[in-house]
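Architecture and fold: a report
One-letter residues, chain by chain:
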Amino acid sequence: MSSLSSLQRPLITRSSLHRRLPLSPPPPPPPDRLCLRPPNPHHSRRLEIRALDAAQPFDLESRFSDRIQKSSKLKIAIIGFGNFGQFLAKTLIRQGHTILAYSRSDYSDVAASLGASFFSDADDLCEEHPEVILLCTSILSTEKVLRSLPFQRLKRSTLFVDVLSVKEFPRSLLTQMLPLDFDILCTHPMFGPESGKDSWNKLPFVYEKVRIGTDESRISRCEKFLDIFAKEGCRMVEMSCADHDRHAAGTQFITHTMGRILEKLKLESTPINTKGYETLLDLVENTASDSFDLYYGLFMYNKNALEELERLDLAFESLKKELFGQLHDILRKQLFGKAEGSEGSEGLESLESQNN
């Protein structure tokens, strides 16, 4: 029985054993790749480590994050780096945007202190190919400045933005003078270095997308610029330039006019200031600090301003008539009250006697 069992078992020979064993061990993995487990002959690909989180300079996630952050920033050229241009530049730089400053006056030291690059030559500025041209010039000098810019040195899709206090005038000027390839965004931050020195939160920012290209990149660029003010908490108001000027004539121009009138009165603080009087002093400070060119521009380049000035004049005359009319009645009663009363009683007695 045992002999039969031994005959049924497979006979293991040296040749059969040699066929079952591998001829040589598998080759080691390449030195530049780190394998997590031995290779499996049934799989053609092996799991490898491509990047380590600890190696930050080579971390893919870190590089993608930097790329996204850079893509959200703009290269903005501020044309007119005076009081208002510097005021806007501080916030733009704080948000991480690249600022190129250009002005007729030398503001190189101011620009350097803020972290902006200053240019005194318009050709050099435009050859930097800014994505946005931000016009912070005075209303009176806007046309002259525009004519001096070498448009041919800019990218054909450059976005032009104005921040003037009137809107129909720059809208017409930009659409007429700029090549059709350029985008146009008319805006008005309705605050300044005084009213917006502490915060822009809830302050109105009016804008009209006059001409924005249909490319996704150009639409995105416009939104990035508007987002600068939205991030600061501004109340974003999309409105046509015509509607803006109609409303502004009844608010901004009247406000500046009253401030200028009160300035000529040379109002001074007193030991018994009321809250209303303090408000008037603040109004003088906020309006008189602006140049007269700004006030003149509000009058000259807003067709609704003259009408508001005439209405203001009529309202003042009406108020004077009301005051003097009331005074006239009081004086008349004081001067002629008794005489008119006695004459009236004598007339009444004579009328009664005639009836009798």
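Residues numbered from 1 in each chain as written. Predicted model: local features only at pLDDT ≥ 70, side-chain atom pairs only at ≥ 80, totals over all residues. Heavy atoms only, no water.

Once that is clear, we can look at the overall build of the protein chain. Across its full length, the protein chain holds 13 helices and eight strands. For the protein chain, the proportion of contacts with a sequence separation of at least 24, taken over those separated by at least 6, is 67%. (Helix = DSSP H or I, 4+ residues; strand = E, 2+ residues; numbered from the N terminus. Contact = heavy atoms within 4.5 Å.)

Quick look at the pairing of strand β7 (residues 204–211) now. The buried count for β7 comes to seven of eight residues, which makes it a mostly enclosed element. Across five bridges, strand β6 (residues 183–189) lies against β7 in antiparallel orientation. In the sheet register, C186 faces β7, and the bridge partner there is E208. In terms of strand pairing, β7 meets strand β8 (residues 235–238) through four bridges, oriented parallel. Within β8, the position partnered with V206 by the bridge is V237. Read from β7 through helix α9 (residues 216–231) to β8, the crossover connection turns out right-handed. (Buried < 20%, exposed > 50% of the residue type's maximum accessible area, 1.4 Å probe, protein only. Pairing = 2+ DSSP bridges. Right-handed = clockwise from strand over helix to strand, strands pointing away.)

A few words on a nonpolar patch on the surface. Nonpolar side chains collect at one region of the surface, where F316, L319, L323, F324, L327, L331, L335 and F336 lie side by side and expose about 830 Å² of accessible area between them. Residue classification places L327 among the partly exposed residues on the basis of a relative accessible area of 42%. (Patch = residues over 30% accessible without salt bridge, like charges linked within 9 Å, V, L, I, M, F, W, Y side chains within 5 Å. Areas by Shrake-Rupley, 256 points an atom, 1.4 Å probe, with all protein chains shown as cover. Salt bridge = Lys/Arg side-chain N within 4 Å of Asp/Glu carboxyl O.)

With that settled, consider unusual backbone geometry. With a phi angle near 70°, K202 is a residue other than glycine that sits in the positive phi range. Along the chain, K202 turns up in the loop between β6 and β7. Phi is positive for K266, close to 55°, though the residue is something other than glycine. When its relative accessible area of 65% is taken as the criterion, K266 is described as exposed.

Structural remark: α-helix, 3.6 residues per turn; residues separated by three or four positions point the same way. Here α9 contains 16 residues, and its C-alpha end-to-end distance of 22 Å stays within 8% of the 22 Å for a straight helix at 1.5 Å per residue. Within α9 the residues assigned to the buried category are R218, R221, C222, F225, L226, I228 and F229. Once α9 finishes, G233 follows within two positions and takes phi at roughly 90°, a positive value. (Expected span 1.5 Å × (residues − 1).)

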